[in-house]
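A look at the structure
Below are the chains, spelled out letter by letter.
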Protein chains: 2
Amino acid sequence: MPTLRIALSQVNPTVGDLVGNAHLVRAWTRRAADAGAQLVAFPEMMLTGYPVEDLVFRRSFVAASRAALSRLAEDLAADGLGELPVIVGYLDADGPPQVSGDAEPGRGARNAAALLHRGAVVATYFKHHLPNYGVFDEDRYFVPGDMLTVVRIGGVDVALTICEDLWQAGGPFAAAREAGVGLVVNINGSPYELNKDDIRLPLVRRRAAEAGATIAYVNMIGGQDELVFEGDSMIVSADGELLARAPQFAEHLLVHDLELPTAGESVGAGDRVADGLRVIRATVSGSLPAPAGPRAVDGTIEPVADEAEVWHALVLGLRDYVNKNRFPSVVLGLSGGIDSSVVGALAVDALGPERVVGVSLPSQHSSEHSREDAAELAKRTGLDYRIEPIQPMVDTFLANMSLSGVTVENLQARVRGVILMALSNQEGHLVLTTGNKSELAVGYSTLYGDSVGGFNPVKDVWKTLIWRLAKWRNADAVRRGETPPIPESSIGKPPSAELSPGQLDSDTLPDYDVLDPILIGYVDGDLGRDGLVEAGHDPAVVDKVLRMVDTAEYKRRQSAPGTKISMKAFGRDRRLPVTNRWREHG
Amino acid sequence: MPTLRIALSQVNPTVGDLVGNAHLVRAWTRRAADAGAQLVAFPEMMLTGYPVEDLVFRRSFVAASRAALSRLAEDLAADGLGELPVIVGYLDADGPPQVSGDAEPGRGARNAAALLHRGAVVATYFKHHLPNYGVFDEDRYFVPGDMLTVVRIGGVDVALTICEDLWQAGGPFAAAREAGVGLVVNINGSPYELNKDDIRLPLVRRRAAEAGATIAYVNMIGGQDELVFEGDSMIVSADGELLARAPQFAEHLLVHDLELPTAGESVGAGDRVADGLRVIRATVSGSLPAPAGPRAVDGTIEPVADEAEVWHALVLGLRDYVNKNRFPSVVLGLSGGIDSSVVGALAVDALGPERVVGVSLPSQHSSEHSREDAAELAKRTGLDYRIEPIQPMVDTFLANMSLSGVTVENLQARVRGVILMALSNQEGHLVLTTGNKSELAVGYSTLYGDSVGGFNPVKDVWKTLIWRLAKWRNADAVRRGETPPIPESSIGKPPSAELSPGQLDSDTLPDYDVLDPILIGYVDGDLGRDGLVEAGHDPAVVDKVLRMVDTAEYKRRQSAPGTKISMKAFGRDRRLPVTNRWREHG
C-alpha cells in the first residue's frame, strides 16, 4: 500500500481579500512542505473567502478569482513548491456569470476546487450538492456540478468534493466507490452551530463507508459577519476509524501519514457513475516529494463543554469582525448588569483590554451597586473605563417635550445610544450592542437605544446561557489561577433595566428559566402554540410569551426597517413577513 | 365553440390573515356570480397571502391553510355559490412540512392551487417552476410539483398554473399543448418593478403560442413589506390577441366571455407529458350557471408614464404597510427639502392629511426658507404640522461632551431621531424615513439620525427620480385643477443637509445627474469599475463614487447591524458580506 502524507490547512481566509488569501495558501503550503507533506488541502472558496453572497453576480469579481488561481499556481512554483500538489477552493464560472434578478437562472457561477501542481491547474471540480437552507443560499448563486473528479497522486486515486457533497447521501461519495478511489478530500466552509461537532464525526464515518475510502475533511476557521467557522478538520479511515482531528476555533495544520490502496482501473474518463456524474481523470505527474523525518501522526481532540465551545466561538466571531473590518477598538455601555459584563469580558478576551472602552452611563435610576459593579468589571479586566452621566440631556428633552411613561424609559436608553455613537464618530470605535436573545425576542429593549451598535456578540445567546457563560468563564479563570473577570454580584443579582424606580425584569417577564425554553421552541424550533403546550409548558404562560414575541415584532416594524426578528443560533434570521397577521396565541 | 365567462379577481390579500382572505374570496365570488361568471380565479397563495417566508416552516400554519381551504369550499356552497368553480391559491404540504435548517430539504411544502366546486376541492395543482432569484427564495420553501392538472369545465379543458410557470419555457405550458387544453389559468403573486408590465404582455403572448391556448393571467395587488404587487391581470388569446387587461395598483374584477375549443381526448390521466409532468384530470360536474345579461367584454388599459406608475406604487406600498400593520398614523420630519416634501405628499395621498404628522425640527443652521417651505407643504396638503426646535438638546450634549466636526453634524440628526421616536412612542405614529436611494448608497446620511423610522417610501428611489416624481405630482394636480402639493422652491433649490453653515450636497457629491447613472450601474447593475468606464463614465468620478459606496458600507457595518446596503428597485437588498475586502476602485 502506498503511503501518502497529507496536510490539512485549517486556516482563516477573509472574504474579498484575494491577495491576502493567496498569501495564506503560499505560507501554509510552505509549512506543509516543511512537514514533508505530499498533498495539501485548503478549505472551500479559500481564495475568495466564504460566503461571497452577491459578489458572485459581479463579473469583475469572478474574473479576479480565476486570475488569482492561475497566479497562485505560478507563485507556488516560483516559491519552489511546485512539486507539492495543492487543493484549493475558489470561485469559477463556465459562462457569463449569473445575473441577479435574471428570470432564468441556470447559467453561471461555480463553487469550485482546483488541484495545482507544477505551476498549473491540473484538475477542477464543481460542487455537486448545493445547500439552500438555514444560512445557505447556494441555489441562488451556483450551478451544480455534474462531474466526479479523480486525480491520481503517487499511485492513489483521490476524489475531490466540497462541503455539502458530504451532507447528502448519493452523489460524489457513492460515485467515488464506483470509481474505486482510495481517498476522498472534502473541503469545507462549514459554519459553527452548538454541538455540530457531535454530528459531524458520525456523518464523516457514514460517508467513508459509502465511498469505501478514507475521508480527509478540512474546514476553515474564523468569523465572517454573523457566521463563525469552527475548524474541526479530521481524517477518518474507510472502516470508520478517527485517525486525526484538529481543534475548534484555532488555526491548525493537521499532518498525517495515510496507508492507501493502489489505484486500479474501474471506470474511465467520461464514464457516467452514480447520480449521473461524469468521471474526470487527471494525474499528478512525476514522483511526489519523499516524506521527511519520522512517521507523521497528528492527535485527536477531545470535545469540550458547551460553555467553552460557545465562549470561544463568540470570542473568535467578535475578534474577526473587528479585525477584518480594521476597527481600531470597540466601545460599549457598562450597566453593571450581566449582559454588558459578559460582553465586556468577551471583548477583552477577543481584543485585549487596551482596545476596549467601557462607558458607565448612569441616570437617576441607576443604583449604587450597578455603578460599583461596572467599575469592578473595568478594574478586573483592565479595560478603558469612563463615566458619562445622561441626566442633563434627559432633563433637557423632558423640559422641551411632554413625555410620560414608557416613552421616558426609552428616552434614557436613546440618550445613551446617542452618547455611544458620538464616541464612535469622534474616536473611531465600533459600538458593541449587548442585548441577549431572550430580550430581543420579547422586545424588552429600546430601538435606537440599547439596540444601537454595529455588532452584538450575544445576539444569539439566550439569557440563561449568558449566566452559564459568565460562571464558566469565571471558573475557568480560577482553574488557571487568574482573576475571574465578571463581578460575582453581576451574576447573582436580579436583572433590571433600571429605567424607572425599583424596576425588575420579573415585573414584566416570566422567570428566564421558564421563558427561555418556550422561546427556544417558538423561535428556533418553529413550534406552534399547541406544540409548546404538548411539550409540557403552561398554556397561560405560552400565550403570554407568544403575545410578547408577536408584539415585539410589531414594535420592530414600527421603527426598525430591516431588523425582522431575533436570530437563529449563529445563523440566518428567522424571516417573517412584517405585515403578517398570523396569530395562534389565546 | 363553447363560451366561458371568466372572472379574474385582482384583489389585495394580507399575509397570515386566513380568515380575512377567505372573506375576500367569498365577497368577490359573489361579485363574479352577480356578473354571470362561470369560472373565477384568485391570485397565488390567496388564502395565506404572499410571500409567507418562514411561516412555511411552522406546521401549525400549514395545517391552518389546509383547514381554511376546506372551510372556504363549504362556506362558498353555504353562500349559494357552490355551482361556480373557483380557483384559489393556498399553502399545502404532502408530508410533514420542511424543517428550517434541515440538512436534507426535499420533503415539504407546496405552493398550491385548488379548484373548488359544490363544497369540495375538485382538483389540486402544485407550482412546477420555483423562482429563486431576486426577491424570490422558493427553492428554500417549496418542493416543485410534477403534475399537469387539467379540469374539464363546461366542455372546455382548463390547465392550472402558478406564476413562475409562465416565466420559464417548457413545463406546464408546453405540456398544456400536448394535453390539448383550451385555456390555461395562471395565478400570480408577481411583484412590481419599473416597466415590468412592458415585458409581461409579450411573455404571456409567447406562452399562449407555446400552449396553443388562451391564457388568463390574474395577479394580486397591494403592498407587502418591501414588495408591491401591481395587478395588471390580462387575457390573451391563443393567437396572441390582448382581449382584456386590468389596471395596475387597483382592485378589479376582470370579466370576459371567451370562445374556447371543445375538449377532445389527447392524453389521459397518469400519462407523462413535457418535462416529465404527470397528467391529473378532473371534471366540474353538472352544467355551469348560464351567463346572465349581455356579452361581457372588459376593456384594456393603456400604459402610463413611468412617474405615474412609480407614484402609484409608492402610495400603495405605504398605505398597505400602515394599514395592514394597523398603525393609526405616521410622523415624519419636514426639512423643507425635496425628499421629505415628496414623502409628505406621498403620505397624504396614501392616508389622508389627518393621519400624517409633519414635524419641523429646526437648528441654528436651518435657513428661513427651509422653515417656510416646510410650513408651505403643510398648508398645501393639510397635514398636522408641528415645530420642535432641537437646539436646546444639541447644546446640552455639546456642554457635557467634547465633540467636533462631523460628530456634531451627526448629533443634530440623532437628536431629531430621538424626538421623532419619542413622538412615536407617546402617540403611536409610525415614523417614516425620508432618505433617497442615492444618499443611502453613498452614505450621505446619519445612522440612528435621519435613518430612524419603520418604513421609508423612497428608499428605492434615486434622487433624480425624486425630482421627476415631484414635478409629475404637481403637474398632475394642475391637470386636475387641484393645488400642487409640493412647494416649487423645494423642487428648485440646491439640495442641502443644513448641518453646518452654508453646507450643500454639491460640496461633497458629484451632481446627481452624474452620480445616479454610476450608482445605478454599480448597485443595481453589478457593473465593476471597468464596466462603468466602458459605459462612458469619467474614470476619476467612477473611482470617487465607488470609494464613497464602499466607505458607506464600512460606516453601516460600524453601527447598524442588519442594514447591509441600499436596495434594488422594490426588491431584495444587495447582499454583500460586510467584512468583504474586495475593492476595485483606484
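Conventions and cut-offs
Sequence order as written defines residue numbering, which begins from 1 separately in each chain. Chain letters and ligand numbers both follow the written order, the letters beginning at A and the numbers at 1. Where local features are concerned, this predicted model is filtered to residues with pLDDT of at least 70; where side-chain atom pairs are given and counted, the filter is 80 or more; whole-chain, interface and lining totals use all residues. For the side-chain quantities, the full set of heavy atoms in the structure was used; hydrogens and water were omitted. A run of H or I in DSSP counts as a helix once it spans at least four residues, and a run of E counts as a strand once it spans at least two, with each numbered from the N terminus. As defined in this context, the radius of gyration uses C-alpha atoms, and a globule is described by 2.2 Å times the residue total to the power 0.38. When a residue's accessible area, from a 1.4 Å probe over protein chains only, is under 20% of the maximum for its type it is buried; when over 50% it is exposed; and in between it is partly exposed. When charges are counted, Lys and Arg are positive and Asp and Glu negative, with His and the chain ends excluded. All charge positions are set by atom: Lys at NZ, Arg at CZ, Asp at CG, Glu at CD. UniProt positions are given in the numbering used here, feature names are shortened, and annotations may be inferred rather than shown by experiment. Note on contacts: a residue pair is in contact if any heavy atoms of the two residues lie within 4.5 Å. Two N or O atoms form a polar contact when they lie within 3.5 Å of each other; inside protein one atom must be a possible hydrogen donor and the other a possible acceptor, and for residues adjacent in sequence the pair counts only when both atoms belong to side chains. The rule for pairing is simple: two strands pair if DSSP sees at least two bridges between them.

All right, on to the overall build of chain A then. From N to C terminus, chain A includes 16 helices and 19 strands. Taking 586 residues into account, the globule formula puts the C-alpha radius of gyration at 25 Å, and chain A, at 26 Å, falls close to it. Of all 586 residues assigned to chain A, the portion counted as buried reaches 65%. Taken as two groups, the 57 positive and 77 negative side-chain charges of chain A have centres that lie 3 Å from each other.

Let us look at the environment of Ser 70 of chain B. The residue Ser 70 of chain B is located in helix α2 (residues 59-78) in this model. Once the C-alpha coordinates of Ser 70 of chain B and Lys 544 of chain B are considered, the two residues, 474 residues apart in sequence, prove to be 60 Å apart.

Residue and element names in this part refer to chain A. Those residues carrying the UniProt feature "binding site: L-glutamine" (unreviewed entry) are Tyr 133, Ser 190 and Lys 196 in this numbering. Summarising the element assignment, Ser 190 is placed in the loop between β8 (183-188) and α5 (196-211). Taking the relative accessible area as the measure of exposure, Ser 190 reaches 2% and is therefore buried. Excluding its chain neighbours within four sequence positions, the residues that come into contact with Ser 190 are Cys 163, Trp 167, Lys 196, Arg 200, Tyr 217, Asn 219, Phe 229 and Glu 230. Side-chain polar atoms of Ser 190 contact the side chain of Arg 200, separated by 3.3 Å. By the element assignment, Lys 196 lies in helix α5. Once residues within four sequence positions are removed from consideration, Lys 196 is found in contact with Trp 167, Ser 190, Pro 191 and Glu 230.

Another point: the sheet that holds strand β16 (residues 330-333) of chain B. Residue and element names in this part refer to chain B. Strand order across the open sheet formed by 4 strands is β18-β17-β16-β19, with parallel pairing between neighbours. The two strands at the open ends of the sheet, each matched to only one other strand, are β18 (384-387) and β19 (430-431). Pairing of β16 with strand β17 (residues 356-360) involves 4 bridges; the strand directions are parallel. When the sheet's bridge partners are listed, Leu 332 is paired in β17 with Gly 358.

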